[in-house]
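Remarks on the overall topology
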Amino acid sequence: MSEVVLVEARADSVVRDFVSLTKPRIISLLLVTTVAPMFVAGDPTWLEVLIVVIGGYLMAGGANAVNMYMDRDIDDVMARTRLRPIPSGRLTPAAVLSFGVALAVAATWLLGHFVNLLTAALALGGFYFYVFIYTRWLKRSSPQNIVIGGAAGAFPPLVGWAAVTGSVDLAGLYLFLIVFYWTPPHFWALALLKQKDYGKAGVPMAPLVWGERETMNQMLWYTLILFALTILPVAFGAFGLLYLACAVVLNAILLRGILRVRSAEVWTKPAWWVYKYSLLYLALLFTAMVIDQQLPL
């Protein structure tokens, strides 16, 4: 009986490890920025939304798994990643790579067969961009890694938009740019906190190359651009007063957080607050877009 219990516990542990490879908490935000544009672009059925959510999760999860395969050497060095399945020895690199590729293949087929080819191509493009442009090339070679490579995280709005419209127009690209300019201040807040880890691994994150003060200045500039970028659609009639009010408040809170990081003598807590709030910021901003479009105000 004890052997059966041991086998079941081991099976549960393996399942949890494979699920952890997909980084569910990160994917949840990506899915918000995928689904919200679907309702901004049109009136999708819940079946269409479900298929896009499943396909999007599989594609992003596959990219995260392959990322862990490629980063297995530095994951073993950094304290925050040392307990991941590969460096801890719970899963083999080959198993993780196979799992990641299998998820990407399944997502491509699902989106291409049940949605449209453009949606599948955009999702696969985000996968390749994250795996090869960011993880394989930029992450270990340039402090601009999260700026350029972060574009991979901006693909979900395009995926959601294409799923409903079958095309990518300026409105879809605009949503792409919002996520693109949101990424640096969001991730650099974490980089400030984890710079010692990145230094041990030899990853040239901005605080290590530019210094803490310049990184904070860059966070401020990107936030100001983001502020203007999120407000501009209202001037063209794309969104109304409800979205405008939400965008102004959300941006003002984010900007205040960045300024606190720059002015604090001990910026650890303010930086951690900015990192956590920026996650909520993006989810609420895209939710405000949907509510503004769907409610007859």
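As a reminder, the structure under discussion sits directly above these lines.
What comes next concerns the included structure. (Residues numbered from 1 in each chain as written. Predicted model: local features only at pLDDT ≥ 70, side-chain atom pairs only at ≥ 80, totals over all residues. Heavy atoms only, no water.)

Where charged atoms from two side chains of opposite charge approach closely, those side chains can pair. Under the defined criterion, the tally for this structure stands at 5 salt bridges. A salt bridge links D75 to R84, with the nearest nitrogen and oxygen atoms 3.1 Å apart. A single burial state applies to D75 and to R84, both of which are buried. What you see here is one network of salt bridges that share partners, running through D71, D73, K139 and R140. (Salt bridge = Lys/Arg side-chain N within 4 Å of Asp/Glu carboxyl O. Buried < 20%, exposed > 50% of the residue type's maximum accessible area, 1.4 Å probe, protein only.)

Turning to the packing of helix 6 (residues 117-137) against helix 8 (residues 155-165), a few remarks are in order. Interhelical geometry of helix 6 versus helix 8 gives an angle of 170° and a closest axis separation of 8 Å. Taken as axis vectors, helix 6 and helix 8 run roughly antiparallel relative to one another. Residues L118, T119, L122, A123, G125, G126 and F129 of helix 6 form the contact with helix 8, whose participating residues are F155, L158, V159, A162 and A163. (Axes fitted to C-alpha atoms, helices over the stretch in contact; angles between N-to-C directions. Helix = DSSP H or I, 4+ residues; strand = E, 2+ residues; numbered from the N terminus. Parallel < 35°, antiparallel > 145°, perpendicular 65-115°, else oblique. Contact = heavy atoms within 4.5 Å.)

A word on the side chain of T230. Within the secondary structure layout, T230 lies in helix 12 (residues 212-235). Side-chain polar atoms of T230 contact the backbone oxygen of F227, separated by 2.9 Å. Apart from the residues within four sequence positions on either side, T230 is in contact with I178, Y243, A247, N251, Y281 and L285. (Polar contact = N/O pair within 3.5 Å; in protein donor to acceptor, adjacent residues only side chain to side chain.)

To continue, consider the packing of aromatic side chains. With the rule as written, the count across this model stands at 17 aromatic pairs. A ring pair is formed by W188 and W210, whose centres lie 5.5 Å apart and whose planes are at 75°; its orientation type is edge-to-face. With W188 in helix 9 (residues 170-193) and W210 in the loop between helix 11 (206-209) and helix 12, this residue pair connects regions lying 22 residues apart in the sequence. By relative accessible area, W188 is classed as buried at 0%. An aromatic cluster of three or more residues is present, and its members are F129, F155, F176, F180, Y181, W188, W210 and Y222. Above the plane of the ring of Y69 lies R72, whose end atom (NZ or CZ) is 4.3 Å from the centre. For R260, the ring lying beneath its charged end belongs to W273, and the centroid distance is 6.0 Å. (Phe/Tyr/Trp six-rings, centres within 6.5 Å; stacked < 30°, edge-to-face > 60°. Lys NZ or Arg CZ within 6 Å of the ring centre and 35° of its normal.)

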